[in-house]
Amino acid sequence: MLRFVVRRLLQLIPILLGVSILLFAFVRALPGGPAIALLGERATEESVERIETELGLDQPIYVQYGRYVRNLVQGDLGTSTRSRQPVLEELKQKFPATVELAFAAMLFAIILGIPLGFLAAKRYLGFLDNASLFVSLIGISFPVFFLALLLKYVFAIKLGWLPTVGRVDVTRSIEHPTNFYLLDAVLTRDWEGVVDVLKHLVLPAIALGTIPLAIVARITRAAVLDVLNEDYVRTARAKGLDPSVVDRRHVMRNAMLPVVTVIGLQTGLLLTGAVLTETVFAWPGMGSWMLEAIRFRDYAVIQGGILFFALLVSLTNLAVDVSYAYLNPKIRLSR
Amino acid sequence: MSLAQAEAHELELEQPAGLWKDAVQRLKRNPGAIIGALLISMFVFLALFADVITSYGPGEQVGSLGGNGSPPSSEFWFGLDKQGRDYFSRVVYGARLSLLVGVVSVSVGLSIGLVLGSIAGYFGRWVDGLLMRIIDIMLAIPSFLLAIGLVTLLGRGLVQVMIAVGATQVPLFARLLRGGILAQKESDYVLAARSLGAPGPRLLLRHIIPNSLSPVIVQATLSMATAIIEVAALSFVGLGPSQPGLPEWGLMLADSASRLEQGLHLVLFPGIAIVLSTLGFNMVGDGLREALDPKLKS
């Protein structure tokens, strides 16, 4: 097992190097540049040149890349040209926001999706089954920004139950030891803050969690259907075991394998795929950060952010594979 | 009837219906697939006959400028937008654009993916290793960000947007076809054909690829849905096709997103159009998957 993990981690190195080279070439191929983005279209040639010299952009590209990798290895992701902040510092602000949102969304998807899929499988071809299949199909077909806008309209604008934008009320000041606002509020025992943060989290989490919800429900249904037809389930029932014990111990436990895989992969996707939800709810996370960076040709932020995403995606995939092998003895033995 | 004719006749009777004939039969019995096909047909119909169905052009100003448009009425079914254009016409013409974008970008992704996938699957060894590492790199970058990046790089023309969305689908198709080819390569009929001396390329084109295509076709249908949503999403963040006044559903949504309260219908109609069209492709794709899956055949 350990050898497998180490081998996979080593395989990551060329992938990440490849991503970094691609990114490096990509940001420099973008029309315009940080100098133009900072100074505006009508900037004079001298001032553009001055900024480019300042940023080291006048040097040959391989020199720039060499310096970038050298800094990267030392944990320095560079400095944002727009905010003049170290990229790593900004990352520490933005990433927790996205993690908080993604986990809330995934929680929503799991809490509703697994029971829904289970019930659908138990009532195979019945009304509940067909209804849940249809609902999950609609869930997959709903563009997240449209859903986000509708939720915002109904619950924030019309009913006024929930806030429309942001992570916390602008008038509220809470301390941020971790930048996970919910955790921050709990740690500082600011209970009103907890409620406020939760209120801000509800709508974006539902919007972001709907597609994973549909997918988790579908996979759970398919997995439970598979297991229900197994001989050992029939045996367990035949020997007179309480049906709820059969469901819990024999059906669910064995059906969870593919579900766990999907949950892992979807979490990886959510961590990187929240651009649209973050846009609608003005959520200051990774997605809106990247969008801004591309708009303002903020080279260091684009490179640092996407490289971080790539690392994240690769690690999530690895974690899924490892947990899969851990949960399934057949796979474990074959390695 | 001679003995030989009788035998031939019998052989004909025993001829199995074939994968596709079977699949069509099964699709016809699947209510979901039929509803999906009806939805797609409706949008194809709207796209083809947009100028007959609507009384106004998509950019034609028929009401007053400014304000928040007017709500649906008997004359303007979907109301007017804030530039005084008939919203029904714009949504209908939007179908033309979305279907076009879907078909072109999926074709782009499909064709590049197929070429890469078959090269990787057929040649194997270091060619496979190299191509799959490139695919891994593409997959490590979130697809929507990849599309955003490509649009920023290539520019915001309609063609560029379609290429960008298509490019994000390349890894998926390449992997699917590669997997299929790897599985087929070891099968008995390929070994048999090879031992009869069938040349490699012919084997690949006539036998292996056609037999690996069914998951690719299912994915292509589902990808139509993804492509429609992705282009709308690009427009939504301000990176869609940039021709002014283009009746693109995502753009129409984005234009009205900040004034939800004053003009909900301006968000609702293009949004519903996106949902219904993607729903159609998803339903047909699901139906196809069930129809083509040999495991479900018994």
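Everything below is about the structure shown above.
Right, let's walk through the structure included here. Residue numbers here run from 1 along each chain, matching the order of that chain's written sequence. As a convention, the first chain written is A and the first ligand written is 1, with the rest following in written order. Selection of residues for local features in this predicted model requires a pLDDT of at least 70, selection of side-chain atom pairs for listing and counting requires 80 or more, and totals for whole chains, interfaces and linings are taken over all residues. Where side-chain values are given, they derive from all heavy atoms of the structure, hydrogens and water being excluded.

Section: the interface of chain A and chain B
Then, number 1: It only takes one pair of heavy atoms within 4.5 Å for two residues to be counted as in contact. Contact with chain A, which involves 38 residues of that partner, is made by 35 residues of chain B.
Then, number 2: Summing both partners gives a buried area of about 3200 Å² for chain A against chain B, and 84% of it is carried by carbon and sulfur.
Then, number 3: By salt bridge we mean one thing: a side-chain nitrogen of Lys or Arg within 4 Å of a carboxyl oxygen of Asp or Glu. For the pair chain A and chain B, the number of links is one salt bridge.
Then, number 4: The definition of a polar contact used here is a pair of N or O atoms within 3.5 Å, where within protein one atom must be able to donate a hydrogen and the other to accept one, and adjacent residues in sequence count solely through side-chain atom pairs. At the boundary of chain A with chain B, the tally comes to four residue pairs in polar contact (both at pLDDT 80 or more).
Then, number 5: Per the convention used, a helix needs a DSSP run of H or I reaching at least four residues, while a strand needs a run of E reaching at least two, with both numbered from the N terminus. The set of elements that each furnish at least two residues to the side of chain A that touches chain B consists of helix 1 (2–29), helix 6 (127–141), helix 7 (144–158), helix 12 (275–280), helix 13 (286–295) and helix 14 (299–327) of chain A.
Then, number 6: Residue contributions to the side of chain A that touches chain B peak at seven residues, all from helix 7 of chain A.
Then, number 7: The residue classification treats Ala, Val, Leu, Ile, Met, Phe, Trp, Tyr, Cys and Pro as nonpolar and Asp, Glu, Lys and Arg as charged. All others, Gly included, are polar. Taken together, the residues that form the side of chain A that touches chain B break down as 29 nonpolar, five polar and four charged. A quick way to say it: buried area is the sum, across both parts, of accessible area lost when two parts are put together, with a 1.4 Å probe.

Some remarks on the packing of aromatic side chains
Then, number 1: Note on aromatic contacts: the rings of Phe and Tyr and the six-membered ring of Trp form a pair at centre separations within 6.5 Å, being stacked when their planes are under 30 degrees apart, edge-to-face when over 60 apart, and tilted otherwise. With the rule as written, the count across this model stands at nine aromatic pairs over all chains.
Then, number 2: A centroid spacing of 4.8 Å and a plane angle of 85° characterise the contact between A:Phe95 and A:Phe308, whose relative ring orientation is edge-to-face. Separated by 213 residues along the polypeptide, A:Phe95 in helix 5 (residues 87–122) and A:Phe308 in helix 14 bring together distant segments of the chain.
Then, number 3: We classify A:Phe95 as buried; its relative accessible area is 19%.
Then, number 4: With a centroid separation of 5.4 Å and an interplanar angle of 85°, the aromatic rings of B:Tyr122 and B:Phe123 are classed as edge-to-face.
Then, number 5: On the basis of relative accessibility, which here comes to 52%, the residue B:Phe123 falls in the exposed class.
Then, number 6: Members of the aromatic cluster, connected to one another through ring pairs, are A:Phe24, A:Tyr65 and A:Tyr68.
Then, number 7: Above the plane of the ring of A:Phe24 lies A:Arg28, whose end atom (NZ or CZ) is 3.7 Å from the centre.
Then, number 8: A ring is considered to have a charge above it if a Lys NZ or an Arg CZ atom is located within 6 Å of its centre and within 35 degrees of its normal. A cation over an aromatic ring shows up here: A:Arg82 above the ring of A:Phe296, its NZ or CZ 4.1 Å from the ring centre. Only protein chains enter the area calculation, which uses a 1.4 Å probe; residues under 20% of their type maximum are buried, those over 50% are exposed, and those in between are partly exposed.

Topic: the nonpolar core
Then, number 1: Formed by 153 residues in total, the largest nonpolar core has its most connected members in A:Val19, A:Phe145, B:Ile148 and B:Leu234.
Then, number 2: If you tally residues by element for this core, the top one is helix 10 (residues 200–236) of chain B, at 18 residues.
Then, number 3: By convention here, the domain bounds are inherited from an automatic or database domain assignment. The residues that make up this core include at least three from each of domain 1 (11–73) and domain 2 (94–293) of chain A.
Then, number 4: Buried Ala, Val, Leu, Ile, Met, Phe, Trp, Tyr and Cys residues form a nonpolar core when they are joined through side-chain atoms within 4.5 Å. B:Val127, B:Leu131, B:Met132 and B:Ala174 belong to the second-largest nonpolar core, a separate cluster that totals six residues.

Overview of unusual backbone geometry
All names here are of chain A.
Then, number 1: With a phi angle near 60°, Arg84 is a residue other than glycine that sits in the positive phi range.
Then, number 2: Its location among the elements puts Arg84 in the loop between helix 4 (61–73) and helix 5.
Then, number 3: Despite not being glycine, Ala282 has its phi angle at roughly 45°, a positive value.
Then, number 4: Mapped onto the elements of the fold, Ala282 is located in the loop between helix 12 and helix 13.

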